[in-house]
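Descriptive structure summary
Residue strings, one per chain:
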Amino acid sequence: MHPTWLHAFTLLGGILGPEMLRVSGLEISTSSEKEVVNGTDVRLKCMFTSRNTLSTQTVTVAWNFRPLSEGREESVFYYHDSPFPPTSGRFKDHVVWSGDILRGDASITLQEVVPTFNGTYICQVRNPPDVQGNNGEIILKVGEKVSLSEIAILAAAVGGASGVILLLVGATMLAKFLQRRRSEADVEMDMREKERKDPTVCPEEALHLKTVGKAIEAESSDEESEPSSGDDEESEEEEGDDDDDDDDDDDGGDDDDD
């Protein structure tokens, strides 16, 4: 081929190439990271779009696994016209197809995951004549499953701690209550002791004693006044007798004169 034509084709490819890739490329989207509890199921979602018509006969899906130790990649699942789950390896009997090619869904579900499933899952989709533009990657983290016994122990620990706290609070409140009652009883006992020694300390008691004292004084004055009244009467009677005697003497004197 003439160098001029070769240069022309190269220039044309440089101009049209990126546009052709943009038009015919596949776009794959996945979540970047997922966390799951040991022993449970998890769906690894992988969605894709293609400029070409989607068909189960043309679309192929491949899922691969790369462990955290950066070891060799391992096949997880393959789909072309029908699902092909693994027949050996760590994912045997642990992965099922949960996608829909006609809707651009290439998802799979891992069942009863275990800690050895920790790693990166790579979703690859092809739909000729579209070329693959990118891969989807999901980092899976499997956490330890909490057993019922551990939950029971944790609940018992929390309940026990709560009970101890409530007991301490109740004991503190009871101690304060008893201390307040004891203080009130001591104050009352001191007041009674002071009242016993000095009744005037209590206004009511002092008023009562004052009233009783006045009543006693009134009775005493009445008793003293009654004899004096009798003496006056006797004096008056004696004076009356004396007057009578004087009258008699006067009468007698007159008789003598006669």
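Structure's up top.
Predicted model only: the values in this text are computed from it and were never measured.

Burial along strand E4 (residues 46-49) is one-sided: Cys46 and Phe48 are buried, while Met47 and Thr49, pointing the other way, are not. Across 4 bridges, the pairing between strand E1 (residues 27-30) and E4 is antiparallel. The residue of E4 that forms the bridge with Ser29 is Met47.

When you line up the elements, Val142 lands in strand E11 (residues 136-143). Measuring from C-alpha to C-alpha, the distance between Val142 and Thr40 comes to 9.4 Å, with 102 residues separating the pair along the chain. Beyond its immediate chain neighbours, meaning those up to four positions away, Val142 contacts Val36, Val37, Asn38, Val113, Val114, Pro115, Phe117 and Asn118.

Right, let's get into the nonpolar core. In this structure, Trp63, Val76, Leu110, Tyr121 and Val125 are the most contacted members of the largest nonpolar core, which totals 28 residues. Counting only elements with at least two residues in this core, the list comes to strand E3 (42-44), E4, strand E5 (60-67), strand E6 (74-80), strand E9 (108-110), strand E10 (119-126) and E11.

A word on the sheet that holds E3. Spatial strand order, E3-E9-E8: 3 strands in an open sheet with antiparallel pairing. Of all the strands in the sheet, just E3 and strand E8 (95-97) have a single pairing partner and so form its edges. Each strand of the sheet is rotated relative to its neighbour by a mean of 30°, with strand direction disregarded. In this sheet, E9 lies alongside E3 in antiparallel orientation, the contact comprising 3 bridges. Of the residues in E9, the one forming a bridge with Arg43 is Thr109.

Below, the discussion takes up the side chain of Asn118. Inspection of the secondary structure assignment puts Asn118 in the loop between E9 and E10. Among the polar contacts listed, one links the side chain of Asn118 to the backbone oxygen of Pro115, at a separation of 2.8 Å. Not counting residues within four places of it along the chain, the set of residues in contact with Asn118 comprises Phe65, Pro67, Leu68, Leu140, Lys141 and Val142.

Inspection of the entire model under this criterion finds 6 salt bridges. Two residues, Asp100 and Arg103, come together in a salt bridge whose shortest N-O distance is 3.6 Å. The partly exposed category is assigned to Asp100, whose relative accessible area is 31%. A single network of salt bridges, built from pairs that share partners, joins Arg66, Glu73 and Glu137.

The subject of this paragraph is a nonpolar patch on the surface. Nonpolar side chains collect at one region of the surface, where Ile165, Val169 and Met173 lie side by side and expose about 300 Å² of accessible area between them. Note on placement: Val169 falls in helix H2 (residues 148-197).

Moving on: the packing of aromatic side chains. All chains considered together, the criterion is met by 7 aromatic pairs. Ring centres of Phe91 and Tyr121 lie 5.9 Å apart, and the angle between their planes is 75°; on these two criteria the pair is classed as edge-to-face. Here the residue Phe91 occupies a position in the loop between strand E7 (83-84) and E8, and Tyr121 occupies one in strand E10, the gap between them amounting to 30 residues. Across the pair, exposure class does not vary: Phe91 and Tyr121 are buried alike. Within the aromatic cluster, the residues linked to one another by ring pairs are Phe65, Phe91, Phe117 and Tyr121.

The rules behind the values
Residues numbered from 1 in each chain as written. Predicted model: local features only at pLDDT ≥ 70, side-chain atom pairs only at ≥ 80, totals over all residues. Heavy atoms only, no water. Buried < 20%, exposed > 50% of the residue type's maximum accessible area, 1.4 Å probe, protein only. Helix = DSSP H or I, 4+ residues; strand = E, 2+ residues; numbered from the N terminus. Pairing = 2+ DSSP bridges. Contact = heavy atoms within 4.5 Å. Core = buried A, V, L, I, M, F, W, Y, C linked by side-chain atoms within 4.5 Å. Axes fitted to C-alpha atoms, helices over the stretch in contact; angles between N-to-C directions. Polar contact = N/O pair within 3.5 Å; in protein donor to acceptor, adjacent residues only side chain to side chain. Salt bridge = Lys/Arg side-chain N within 4 Å of Asp/Glu carboxyl O. Patch = residues over 30% accessible without salt bridge, like charges linked within 9 Å, V, L, I, M, F, W, Y side chains within 5 Å. Areas by Shrake-Rupley, 256 points an atom, 1.4 Å probe, with all protein chains shown as cover. Phe/Tyr/Trp six-rings, centres within 6.5 Å; stacked < 30°, edge-to-face > 60°.

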